[in-house]
Amino acid sequence: MPADLDKLKARLQEIYDLEAIASLLSWDQSTYMPPEGSSARGRQLALTATLAHERLVDPELGHLLDDLEPLTADLPYDSDDSSLIRLARRDFDRATRVPADHLSEFYQHLSESYEVWRQARPEDDFQRVRPYLEKTLDMSRAYAEFFPGYEHIADPLIDVHEYGMKASRVRTWFSELRQALVPMVERITQQPEPDMSPVHQHFPAAGQLELGLDLVHQIGFDPQRARQDKSAHPFMTRISLGDIRMTTRVKEDDLTESLFSTLHETGHALYELGIDPAYEGTPLATASSSGVHESQSRLWENLVGRSLPYWEHTYPQLQAAFPDQLRDVPLEAFYRSINRVQRSLIRTDADEVTYNLHVMIRFDLELDLLEGRLEVRHLPEAWRSRYKQDLGIEPPDDRDGVLQDVHWYSGRIGGGFQSYTIGNIMSAQFMQAAKSEFPSIDDDLGRGDFSHLSQWLAEHVHRPGRKFTPEELVERATGRPLELEPYISYLRDKFGALYPS
Ligand code: ZN
């Protein structure tokens, strides 16, 4: 076994490195590359993707796995070696089931679709993207058909992001969550809105960036293994476990933009920084799922970063960074301004309470499209009617309606959106479990001590990397299956106190 295992690891490391090279090229494209570099960069990215894919579907890799798999029968499910072989098999099977010509047609289609969407959105022109979206839907359904035997046509698409999770279960969680959220939004929005003037003053960009880095160093962002740059849309990417890149963007008239995007991306970065370094170069050295990743970003952004205890400790630092703007603003007023709840049209600007309603609308529409119950030409109308029903407002145009998110114009329809809400649900369950092991966590945050929380997350969530499926990870970390109760209680407690009626 050791000789074959070494051969397997050498092959997997080449695939890992090619993917890392692609990530570095993409990071550079989003941060420092001059605009005229884009067509050559597209070619270079396509080449690295092709080289990685060729290695992944190499029949020799399959033979190696055939030889190794019987030897794992005696190993525990969670041993590093059996987990490595299990994940390599999963990736190999998925890659070999999808014909190469389907993939190349799809990526070609997506680059056209994205370009058309980029022009059509500012012009509010859904008709222009409609044929592209129709083809995306056809090709998303065709992708699912490469994995016959599914329970729901969305399941193979969900598997890409949340391995093993089924549309039927997501649907059940979401309908229960919607029943809790709709009346909560109703109750809160009948009350007076908080004063937003504390965060809507002039805050010079340099000061915001400096403060943001100060704050994230305090929660464990390690400058020896991670760095921050600026980009149009904030993101985090891994080059290796010792080289994590994140980006932020700054608005000088809105303090919340950079502050919370920095905390959000830091949550993603801390996850990657916490993975067992022994997994470097293998398929274990990544997140369990998109939802688990999002649970870490939302935990630091919201459960810590928008909490009162965190600001009891941190607000004096913020006031010291911006004395003219915040000297006379009491903590309570600042805290209320960063937790405003309002009915809004744009998902990415939404607050903690309404955010999931945006996500669930998209998830339901995706299922309707995939099941053939909704045609693309009726999508704008379906979008408006669901917004009216769930959020009580309707977009005046498609620009802020069905055209607002890039996802359907640069990727498959189905499989992606649910992870944002799954991440929120998980974040509360993880926090509850961490607090039951370390009941002092709220007091710790109030003193700027993040050690217990970081230690719990590193041990239960970060270190295993991709060893467990998202639902296995939650159950092992918290002793419970994934459930809504901690998240709904968290929202009720926090927003019940902020908006007592
Ligand atoms: Zn995120």
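About the thresholds
- Residues numbered from 1 in each chain as written.
- Predicted model: local features only at pLDDT ≥ 70, side-chain atom pairs only at ≥ 80, totals over all residues.
- Heavy atoms only, no water.
- Domains from an automatic or database assignment.
- Buried area = accessible area lost by both parts, 1.4 Å probe.
- Salt bridge = Lys/Arg side-chain N within 4 Å of Asp/Glu carboxyl O.
- Polar contact = N/O pair within 3.5 Å; in protein donor to acceptor, adjacent residues only side chain to side chain.
- Helix = DSSP H or I, 4+ residues; strand = E, 2+ residues; numbered from the N terminus.
- Nonpolar A, V, L, I, M, F, W, Y, C, P; charged D, E, K, R; others polar.
- Donors = N, O, S within 2.8 Å, 3.2 Å for Na, K, Ca; no water.
- Buried < 20%, exposed > 50% of the residue type's maximum accessible area, 1.4 Å probe, protein only.

1. Comments concerning the domain arrangement of the protein chain
Bring the parts together and some accessible area is lost; that lost area is often taken as the interface size.
Then step 1. For the protein chain, the assigned domains read domain 1 (2-132) and domain 2 (183-340 + 417-498).
Then step 2. For domain 1 versus domain 2, the separation of C-alpha centres amounts to 28 Å.
Then step 3. For the pairing of domain 1 and domain 2, the buried interface totals around 1,900 Å² over both sides, and the portion due to carbon and sulfur atoms is 56%.
Then step 4. Applying the counting criterion to the domain 1 and domain 2 interface returns three salt bridges.
Then step 5. Notably, a salt bridge pairs Lys467 with Asp80, separated by 2.6 Å at the nearest N-O pair.
Then step 6. The interface formed by domain 1 and domain 2 holds nine residue pairs in polar contact (both at pLDDT 80 or more) in total.
Then step 7. The set of elements that each furnish at least two residues to the side of domain 1 that touches domain 2 consists of helix H1 (2-31) and helix H4 (80-97).
Then step 8. With nine residues, H1 is the single largest residue contributor to the side of domain 1 that touches domain 2.
Then step 9. Looking at the side of domain 1 that touches domain 2, its residues break down into nine nonpolar, six polar and five charged.

2. Remarks on the coordination of the zinc ion
Then step 1. Of the protein atoms, only His264 (NE2), His268 (NE2) and Glu294 (OE) coordinate the zinc ion, at distances of 2.1 to 2.4 Å.
Then step 2. Every donor residue of the zinc ion comes from the same chain, spaced as H-x3-H-x25-E. Residue His268 is found in helix H10 (residues 255-274), and its partner Glu294 is found in helix H11 (residues 290-304); the two are separated by 26 residues along the sequence. For the residue pair His268 and Glu294, the accessibility class agrees, reading buried in each case.

3. Section: the pattern of salt bridges
Then step 1. Counted by the stated rule, this structure contains 46 salt bridges.
Then step 2. Among the ionic pairs, Asp398 bridges to Arg384, the shortest N-O distance being 3.1 Å. Remark: Arg384 occurs in helix H16 (residues 379-391) and Asp398 occurs in the loop between H16 and helix H17 (407-410); sequence separation between them is 14 residues.
Then step 3. Residue Arg386 is joined to Asp390 by a salt bridge in which the shortest nitrogen-to-oxygen separation is 2.7 Å. With Arg386 and Asp390 both in helix H16, this residue pair falls four residues apart, about one helical turn.

4. Observations regarding unusual backbone geometry
Then step 1. Positive phi values are uncommon outside glycine, yet Asp124 reaches one of about 55°.
Then step 2. Mapped onto the fold, Asp124 is located in the loop between helix H5 (100-120) and helix H6 (126-145).
Then step 3. Judged by relative accessible area, which is 29%, Asp124 ranks as partly exposed.

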